[in-house]
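# Structural overview for review
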Amino acid sequence: MSASTSKSSDTVTRRPIATKGGSLSGTVTAPGDKSISHRSLILSALAKGESAITGLLEADDVLRTAASMRALGASVERDGPGKWRVIGEQWQSPEKSLYFGNSGTGVRLVMGAVAGAGIRASFDGDISLRGRPMGRVLEPLRMMGVEADDREGRLPVTIKENGNGLRAVEVKLASASAQVKSAILLAALGASGTVRVHEPVLCRDHTERMLSAFGVELSTASDGKDGRFITMDGGQSLKPCDVNVPGDPSSAAFAIAAALIVPHSDVVVKGVLLNPLRTGLYQTLREMGADITFENQRVENGEDVADIRARHSVLRGIEVPAARAPSMIDEYPILSVVAAFAHGETMMTGLEELRVKESDRIASVEAGLVACGADAVSGPDWLKVSGAGGTPGMIGGALIKTNHDHRIAMSFLVAGLASEQPIEIDDASMIATSFPDFIDQINSIGGNIKQ
Ligand SMILES: O=C(O)C1=C[C@@H](OP(=O)(O)O)[C@@H](O)[C@H](O)C1
Ligand SMILES: C=C(OP(=O)(O)O)C(=O)O
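Keep in mind that what you see is a predicted model, and the values were worked out from it rather than measured.

What counts and how
Residues numbered from 1 in each chain as written. Chains lettered and ligands numbered in written order. Predicted model: local features only at pLDDT ≥ 70, side-chain atom pairs only at ≥ 80, totals over all residues. Heavy atoms only, no water. Axes fitted to C-alpha atoms, helices over the stretch in contact; angles between N-to-C directions. Helix = DSSP H or I, 4+ residues; strand = E, 2+ residues; numbered from the N terminus. Parallel < 35°, antiparallel > 145°, perpendicular 65-115°, else oblique. Contact = heavy atoms within 4.5 Å. Nonpolar A, V, L, I, M, F, W, Y, C, P; charged D, E, K, R; others polar. Salt bridge = Lys/Arg side-chain N within 4 Å of Asp/Glu carboxyl O. Pairing = 2+ DSSP bridges. Phe/Tyr/Trp six-rings, centres within 6.5 Å; stacked < 30°, edge-to-face > 60°. Buried < 20%, exposed > 50% of the residue type's maximum accessible area, 1.4 Å probe, protein only. Lys NZ or Arg CZ within 6 Å of the ring centre and 35° of its normal. Near = heavy atom within 4 Å. Polar contact = N/O pair within 3.5 Å; in protein donor to acceptor, adjacent residues only side chain to side chain. Areas by Shrake-Rupley, 256 points an atom, 1.4 Å probe, with all protein chains shown as cover. 1 Å grid on protein atoms, 1.4 Å probe; cavity = no way out; pocket = protein on both sides within 12 Å on 5 of 7 lines; lining within 4 Å. Sits in = over half its atoms within 2 Å of the grid points. Domains from an automatic or database assignment. Points joined across faces, edges and corners; volume = space filled by probe spheres on them. Buried area = accessible area lost by both parts, 1.4 Å probe.

Running from N to C, helix H8 (residues 249-261) and helix H10 (residues 332-340) cross one another at 5°; their axes reach a closest spacing of 10 Å. Put simply, H8 runs roughly parallel to H10. Across the interface between the two elements, Ala253, Phe254, Ala257 and Ile261 of H8 pack against Ile334, Val337 and Val338 of H10. The residue inventory of the contact of H8 with H10, partitioned by class, reads seven nonpolar, no polar and no charged.

Structural data, given as structure tokens:
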């Protein structure tokens, strides 16, 4: 097997290959958080006046949201690396369809915001996004009085103009999805009355925190069990707000996982967001015996942030509780790779949402691990990885099908850094959707990934 490119009629697919080398060491900075980056652009574009953003993640998913904000009428300018200026305006129906590429967050949040603005817009995405469910957003929006055309609950979708304002509703979230919750809250800006969202299972709360920072009044209250109610009056407008985007814990996970499985490694990832609804992976890794420390802990813009230090560790398999899934939902692919290097079984449950991500992540991870000689089995909402332990924990020597999924691509390149034989992935292009500098970053701490 060799690093190679495969050519179709008009595209060249890069096939990076990751090979075991020496230990990993050094310090890197986490790229900007993807969830907060999308929201900082959308909320700034809704606020009348100028907002400055620093640390914005300049990855394809977020750049698609920036382009959509321009198409809707906002002025969106880049002043320098990660430094953006947005001047919000009254949104206008765009002439062309808004294209969101691979981004579920972008398309779902902007659908909600367009509905709240009462304008008409069409939405589309790439082959992966066209396969993902949009009914979960359209259903509550329709309850609020939105009219929309869709293709059996999938993209392309058109939200129709609505001059009468949206209805006040009470919605119970059917899936633990921050994207659905956020779409409803953004639509609620155009409601005449109070909107109440019941989330039985807590998921990331960046929209609630950031709406408050942009001057919107909303309140949260426990539902008496594990969830909460979010209550917000419609008809509120946003005030401009400057946002410093913290580092993404989902992207930081790759260098940290690499340090844990490559012998003698010691790596620091600086500036990582530690919002408690995002840190399930780190809790899980510690329970597996990982030597992970949070250094220089601080609060930046109301969010907990730290530098995370990870050293090579002897890991053991554990049961990861289903209730933890929303706080680490994007981290199961990389956790599964780490689990293949641990001693014993890691049982992950409550994973039904992984079936509707950029790929069916349960299937992609299981197939990739099995191709690398690891022991993985799955059911409808669970995945079990039985790690061989020690070094090397996995044979490797496979070409991994990434299925248009950036997290599958990055997870298996990390696996290749510690496997007996190199691991090649069939397509690197999707990595740019969330972490364009991934390969350079991993190589800067001693990784051996050839493009
Ligand atoms: O709201 C967000 O920014 C996100 C929510 C999650 O999706 P779901 O809402 O579909 O769980 C997550 O997987 C995605 O990467 C980002
Ligand atoms: C699921 C993800 O993103 P999105 O839903 O925005 O496509 C992800 O980044 O892993």
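Moving on, we come to the pattern of salt bridges. According to the stated counting rule, one finds 30 salt bridges in the structure shown. Where Asp61 meets Lys34, a salt bridge forms, and the shortest distance between an N and an O atom there is 3.9 Å. Of this pair, Asp61 sits in helix H2 (residues 60-71) while Lys34 sits in helix H1 (residues 34-46), and the two are 27 residues apart along the sequence. Asp149 serves as the salt-bridge partner of Lys160, at 3.4 Å between the closest nitrogen and oxygen. Of this pair, Lys160 sits in the loop between strand E11 (154-159) and strand E12 (166-167) while Asp149 sits in strand E10 (residues 148-151), placing them eleven residues apart in sequence.

Here we have four strands laid out as an open sheet, ordered E22-E23-E25-E24, and mixed in their pairing. Lying at the two open borders of the sheet, with one neighbouring strand each, are strand E22 (319-320) and strand E24 (375-379). Note: strand E23 (residues 343-348) against strand E25 (residues 382-388), six bridges, orientation antiparallel. Along E25, the bridge assignment pairs Gly344 with Gly387.

Let's shift gears to the packing of aromatic side chains. According to the stated counting rule, one finds four aromatic pairs in the structure shown. Both rings, one in Tyr282 and one in Phe294, keep their centres 6.4 Å apart while their planes meet at 80°; by these two values the pair is edge-to-face. Taken together, the residues span a long stretch of sequence, with Tyr282 in helix H9 (residues 280-287) and Phe294 in strand E20 (residues 291-300) at a distance of twelve residues. Under the relative-accessibility criterion, Tyr282 is labelled buried at 2%. Residue Phe294 is classed as partly exposed on the basis of its relative accessible area of 22%. Centroid distance Phe435 to Phe438: 5.6 Å. Interplanar angle 70°. Geometry classified as edge-to-face. The residues Phe435 and Phe438 share a single accessibility class, namely buried. Here the aromatic residues Phe254, Phe435 and Phe438 are joined through ring pairs into a cluster of three or more. For the cation-ring pair, Arg196 lies above Phe229, with the distance from its terminal atom to the ring centre recorded as 4.1 Å.

Take the site of ligand 1 next. Surveying the vicinity of ligand 1 reveals the residues Lys34, Ser35, Arg39, Thr105, Ala176, Ser177, Ala178, Gln179, Arg204, Ile329, Asp330 and Lys357. Take Ser35: an N or O atom from its side chain is 2.6 Å from an oxygen atom of ligand 1. Contacts to ligand 1 include Ser177, whose side-chain N or O atom sits 2.7 Å from an oxygen atom. Notes on ligand 1: free accessible area 390 Å², of which the protein chains cover 95%. In this structure the site holding ligand 1 corresponds to the largest cavity. Those elements giving two or more residues to the shell around ligand 1 turn out to be H1 and helix H6 (178-187). Residue contributions to the shell around ligand 1 peak at three residues, all from H1. Both domain 1 (17-32 + 246-450) and domain 2 (34-244) contribute no fewer than three residues apiece to the shell around ligand 1.

Overall, mixed pairing links the four strands, which are arranged E8-E9-E11-E10 in an open sheet. Each edge of the open sheet is held by one strand with a lone partner, namely strand E8 (98-99) and E10. With two bridges connecting them, E8 and strand E9 (residues 121-124) associate as parallel partners. Within the sheet, the bridge partner assigned to Leu98 lies in E9 and is Phe123. Lying over the sheet, helix H3 (residues 104-117) contacts E8, E9 and E11, oriented at roughly 15° with respect to E11. Against the sheet, helix H5 (residues 135-143) engages E10 and E11, with an angle of about 160° to E10.

Let's shift gears to the layout of surface pockets. Where empty space is left becomes clear once a probe the size of a water molecule has been rolled over the atoms. The volume enclosed by the largest pocket comes to roughly 320 Å³. Looking at the largest pocket, it is lined by 18 residues, and the ones nearest its centre are Ala30, Pro31, Gly32, Gly55 and Leu56. Class assignment of the residues belonging to the lining of the largest pocket gives a composition of nine nonpolar, seven polar and two charged.

Here the protein is partitioned into domain 1 (17-32 + 246-450) and domain 2 (34-244). Counting residues at the interface gives 28 residues for domain 1, matched by 28 residues for domain 2. Contact between domain 1 and domain 2 buries roughly 2300 Å² in total, counting both sides, with carbon and sulfur atoms accounting for 50%. Linking domain 1 with domain 2 are twelve residue pairs in polar contact (both at pLDDT 80 or more). Taken together, the residues of the side of domain 1 that touches domain 2 sort by class into twelve nonpolar, eight polar and eight charged.

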